[in-house]
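In case you want the letters, here they are:
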Amino acid sequence: MATIELQNLTKAFGDLIAVDNVSLKVEENEVLCLLGPSGCGKTTTLRMVAGLETATSGDIFIGNKNVNNLDTRDRNLAMAFQFYALYPSLTVAENLANPLHADNLSDEEIKKKILEVADILQLREIVNRKPHQLAEGEKQRVAVGRAIIRDPECFLFDEPLSRLDVQLREQMRGQIKEVLSDLKKATVIVTHDQLEALTMATKIAVMRDGLIEQVSSPHDIFAKPNNTFVAGFIGTPQMNILECNISEINSSIIKIKVLDQEVEIDFKTSLSVNKNDSYFIGIRPRSFEIVDNNTLDNFSGTIELIENMGSEILVHVKNNHLTFRSVQSRSHKLKIGDVINLKPKNGQVHLFNKSGEVIRNE
Amino acid sequence: MKKRAIGQAGWLWTSLASVVAFIYFFPVLFIILTAFRSRSDTLATPPKWFFTPTFDNFYHIFFRSMANSTEYVATGFHMYFFNSIYISGMSVLLALLIGTLAAYGFSRHPLRGNDTYMFIILTTRMLPPIIVIVPIFLIFRITGLAGTYTGIILMYTAFNLPFSIWMMKSFFDELNTEIEDASRMDGASERSVFFGVCIPQVKAGLAATSVFALILTWNEFLFSLLLTNKLTRTMPPAMARTIGGEINVDYGLLAAMICLFIIPIFLITYLLQNQLLRGVTFGTIKK
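Residues numbered from 1 in each chain as written. Chains lettered and ligands numbered in written order. Predicted model: local features only at pLDDT ≥ 70, side-chain atom pairs only at ≥ 80, totals over all residues.

## Remarks on the domain arrangement of chain A
Residues and elements named next belong to chain A.
So, step 1. According to the domain assignment, chain A consists of domain 1 (4–233) and domain 2 (240–352).
So, step 2. On a C-alpha basis, the centroid separation for the pair domain 1 and domain 2 is 40 Å.
So, step 3. Residue composition of the side of domain 1 that touches domain 2, by class: two nonpolar, three polar and no charged. (Domains from an automatic or database assignment. Nonpolar A, V, L, I, M, F, W, Y, C, P; charged D, E, K, R; others polar.)

What follows is the structure, encoded as structure tokens:
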């Protein structure tokens, strides 16, 4: 059992700083998802943990032991790769056996372990096939199998599901989560898919441009984003982030002016904000309800576009230069051109300052 | 009409292709036929297509009467044949060994200014070799390398290196580095990553590179002429000497020599053809 700890980890490729002063801790039994858009440094961070990339500065501890100068093979980690990285000329069984060779096990033991893993991941029927004879989902399971066959200190997954189609991805997500919860080890998963992160992780670290933006539980990342980037990155459809001015403050009720529309929002607690300064408000498309009259507590606008989302619809509402989106039930029978009034649900409005950081009173 | 498979050419294109292939192959065919003709048949006009084949020409390669004598003496040609095989083989092996290691380095552990180094390596192939012949000749004379196997093998290795490095680098570049990382995770050392994971995946590249390098070395004339002596001479200058030394060119003898000359290359290319096909089409067919 071991923890993974990164302290002020930095990686520069020439002038480009891929990972910038990252500090993180993954406890035993914890699944940390590194989440972020492509090129944000999440894979580089993972590769540094694995020892496949050397850090420019900073320290990596695995099980409280500094592994900075340890070779990959001496770190006792297991990793599943994005493109599976199966040896093309070896069968599934041989691929699975490969990590075991270093441990000097007998043939019997190796065979037993292969069958064990094959059972967990339902690979029994395909153990004698070569990688090119496998379907994507099977390759992916073999890649996971190769990672879990040994008893390493920690597990690393690099975009494990990115190559699967949507259905298979959903299925594998559950399966991997199940396998991981049985393993009870510190695990790091790299992904750009928020759904993957939200479902599989016990802790999510959102990264952007080499920096960690927020580390929280999946629920907090969604409900309490620290800044506009996290707010916009997590959740589909994307959160509406609108620029506004504060025109009046009355303890917890703040009157904001978004373009030429004035709306009063009750934040429940008083926030330290200044009158007449400009801020951003963030409201998720699902946090609106339709009300009959345009009063001070709601936004009004004309429906410009309606996107079909199955059981729900995504309405694009326009008011002069201001557009925002709202998810509504199909039962409202909305049409393009209708004027609707949308009231943000209580306690689901986020306020951010000019530089994008959240203003919260806790 | 019989249905043909999708992508299969019709009889018109097939026969057209055969005609073109025949035109290309004709000189080779003519040489092979000439090798089996007697001297009078060779010189006959119009060319005789039907004749009694003879092995005299092949015999004369190895045993021939020298000027003003009727006695048949050994020409030492078997030695030149051996020299060619030995020198080409060794230099190709060396170039492949050094080239593969260098290419792996350039591909996996790029230096600052990696592309510049690669370009400089390529520039050595931009000059016609004859430009450097004088300094090289002098260097060989001073160092005592002239006329030795070591000298000419080193020369040819240097010749083949740029090409080997470039070609092997492109093969290494094409590999999925994740597999190498995966084997590192599985506990492989850097040495076993190279020999156990990378090399097996570039077999086709090794085959293609070695055949190209071999053909280049096998056919090389100029440096062999100047840097070898009677004992280390390779086939091309030896052949030129045989033919050029006589007043009347013996075309039958020449053709027989050419036949022998192309056999090794032909065999190797034939043996490696499966690998070669994958090798020379790299980059055009994606996995």
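Structure shown, so let's carry the discussion forward.
## Some remarks on unusual backbone geometry
Glycine aside, the phi torsion of most residues is negative, and most peptide linkages are trans.
All names here are of chain A.
So, step 1. Residue Pro237 is reached from Thr236 by a cis peptide bond, and omega for that bond is -10°.
So, step 2. On the secondary structure map, Pro237 appears in the loop between helix 8 (228–233) and strand 11 (240–250).
So, step 3. Unlike most non-glycine residues, Asn21 shows phi in positive territory, near 55°.
So, step 4. Despite not being glycine, Lys184 has its phi angle at roughly 55°, a positive value.
So, step 5. Here Lys184 is to be found in the loop between helix 5 (166–183) and strand 8 (186–191). (Helix = DSSP H or I, 4+ residues; strand = E, 2+ residues; numbered from the N terminus.)

## Observations concerning the nonpolar core
So, step 1. Counting 93 residues, the largest nonpolar core has Cys33, Leu34, Met79, Ala143, Leu156 and Val188 of chain A as its most contacted members.
So, step 2. Built from parts of two domains, this core gets at least three residues from each of domain 1 (4–233) and domain 2 (240–352) of chain A.
So, step 3. The contacts of Ala143 of chain A, once residues within four sequence positions are left out, are Ala80, Phe81, Tyr84, Ala85 and Leu86 of chain A.
So, step 4. One finds Tyr104, Phe106, Phe171 and Cys198 of chain B within the second-largest nonpolar core, a separate group that totals 23 residues. (Core = buried A, V, L, I, M, F, W, Y, C linked by C-beta atoms within 7 Å. Buried ≥ 20, exposed ≤ 12 C-beta atoms within 10 Å, placed from the backbone. Contact = placed C-beta atoms within 7 Å.)

## Side note on the environment of Phe172 of chain B
All names here are of chain B.
So, step 1. Mapped onto the fold, Phe172 is located in helix 7 (residues 149–174).
So, step 2. Given 22 C-beta atoms within 10 Å, Phe172 falls into the buried group.
So, step 3. With 45 residues separating them in the primary sequence, Phe172 and Leu127 have C-alpha atoms 27 Å apart.
So, step 4. When residues no more than four places from it in sequence are discounted, the contact partners of Phe172 are Ala103, Tyr104, Ser107, Arg108, Cys198 and Val202.

## So, the interface of chain A and chain B
So, step 1. Contacts between the two partners involve 16 residues from chain A, matched on the other side by 12 residues from chain B.
So, step 2. With three residues, the top contributor of residues to the side of chain A that touches chain B is strand 6 (residues 77–80) of chain A.
So, step 3. In terms of residue class, the side of chain A that touches chain B is made up of 11 nonpolar, four polar and one charged.

## Overview of the packing of helix 4 (residues 136–148) of chain A against helix 5 of chain A
All names here are of chain A.
So, step 1. Two elements in contact, helix 4 and helix 5, have axes whose closest approach is 11 Å; the angle formed by their N-to-C orientations is 10°. Judged on the interaxial angle alone, helix 5 and helix 4 are roughly parallel. Between helix 4, through Gly137, Gln140, Val144 and Ile148, and helix 5, the contact on the second element is made entirely by Leu168, Met172, Ile176, Val179 and Leu183.
So, step 2. A per-class count over the contact of helix 4 with helix 5 returns seven nonpolar, two polar and no charged. (Axes fitted to C-alpha atoms, helices over the stretch in contact; angles between N-to-C directions. Parallel < 35°, antiparallel > 145°, perpendicular 65-115°, else oblique.)

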